[in-house]
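Working through the structure, step by step
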Amino acid sequence: MRKRIIDWFFTLQSQRGILGEKERRFYTYAYGLLLNKIAIYAIIAIVGTTTGNWIEMFSFLLPFTVLRQYAGGIHLEKPTSCIFFSGFLVFGCGQYLAVTSEIGFSFFFLWLIAVLVIFMLVPIDTKGKKLDKIETRIYGKRARIILAIEFIMAIFLGIYGFSLLAKGIATAHLVLATGLIIGSVKKFWM
């Protein structure tokens, strides 16, 4: 089904003269990424609406995805595995945030460690997308800037009483730090 949709997109644009056959591989890959994102967000919207936790889910998902695109980390081989794991991860974090939005001392301490881990490890490339030195420097710089912005936002949100949003950002950082550690260990052993 996924391949048919991607082929349909490409065929539609090539018939209109927008794309040529030599661009097929690049656009097939790009359309696949787009469909994965749409599927993940659709699943989250449906599950979040059903459970009533869509605010909690998106308070985790937005900072996570913005930072993750530059930070890297662990990647699953198959798109369907990624979609289901991502959906489960966001659902679980949304459920966690629905239960408690307070940031205690222990959680704050773990969050600080996670921020330091992210700062030191970014970016982590994958088998499918190796980064050269220039890309590593650019992605690392962007990831660190986004991390700093999110960290400062979370601090201010927490101070001004928006603890759910602050803890959503902090939870995203904890999960991302875990993924970066796993990704770097996986990269080291491969």
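Above: the structure in question.
Cut-offs and rules
Chains are numbered independently. Their residues run from 1 in the order of the written sequence. Selection of residues for local features in this predicted model requires a pLDDT of at least 70, selection of side-chain atom pairs for listing and counting requires 80 or more, and totals for whole chains, interfaces and linings are taken over all residues. Excluding hydrogens and water, the side-chain values take into account all heavy atoms of the structure. A pair is scored as a salt bridge if a Lys or Arg side-chain nitrogen falls within 4 Å of a carboxyl oxygen belonging to Asp or Glu. Where helices and strands are cited, they refer to DSSP runs of H or I of at least four residues and of E of at least two residues respectively, numbered from the N terminus. Three labels apply to residues, based on accessible area from a 1.4 Å probe with only protein chains included: buried if under 20% of the type maximum, exposed if over 50%, partly exposed otherwise in between. Here an axis means a line fitted to C-alpha atoms, over the contact stretch when the element is a helix, while the angle between two N-to-C directions is reported on a 0 to 180 degree scale. The hand of a helix crossing depends on one turn: near helix anticlockwise from the far one by less than a right angle means left-handed, and clockwise means right-handed. Residues count as neighbours in contact if any of their non-hydrogen atoms are within 4.5 Å of one another. Each residue gets one of three labels, nonpolar for Ala, Val, Leu, Ile, Met, Phe, Trp, Tyr, Cys and Pro, charged for Asp, Glu, Lys and Arg, and polar for the others, Gly among them.

1. A word on the pattern of salt bridges
By the definition in use, this model includes two salt bridges. In this structure, the salt-bridge partner of Asp 7 is Lys 3, at a minimum N-O distance of 3.2 Å. You can see Asp 7 and its partner Lys 3 sitting in helix α1 (residues 2–15), four residues apart, about one turn around the helix. For the salt bridge of Arg 24 with Asp 7, the shortest nitrogen-to-oxygen distance reads 3.8 Å. With Arg 24 in helix α2 (residues 24–51) and Asp 7 in helix α1, the pair connects residues that are 17 residues apart, well separated along the chain. Residue Arg 24 is classed as partly exposed on the basis of its relative accessible area, which comes to 26%. Judged by its relative accessible area of 24%, Asp 7 is partly exposed. Shared partners join several salt bridges into a network, and the residues in it are Lys 3, Asp 7 and Arg 24.

2. As for the packing of α2 against helix α4 (residues 79–99)
At a closest axis distance of 10 Å, the pairing of α2 and α4 adopts a crossing angle of 35°. You can see that α2 and α4 cross each other, and the crossing is right-handed. Judged by residue contacts, Asn 36, Ala 39, Ile 40, Ile 43, Ile 44, Val 47 and Thr 51 of α2 engage Pro 79, Ile 83, Ser 86, Val 90, Phe 91 and Gln 95 from α4. Taken together, the residues of the contact of α2 with α4 sort by class into nine nonpolar, four polar and no charged.

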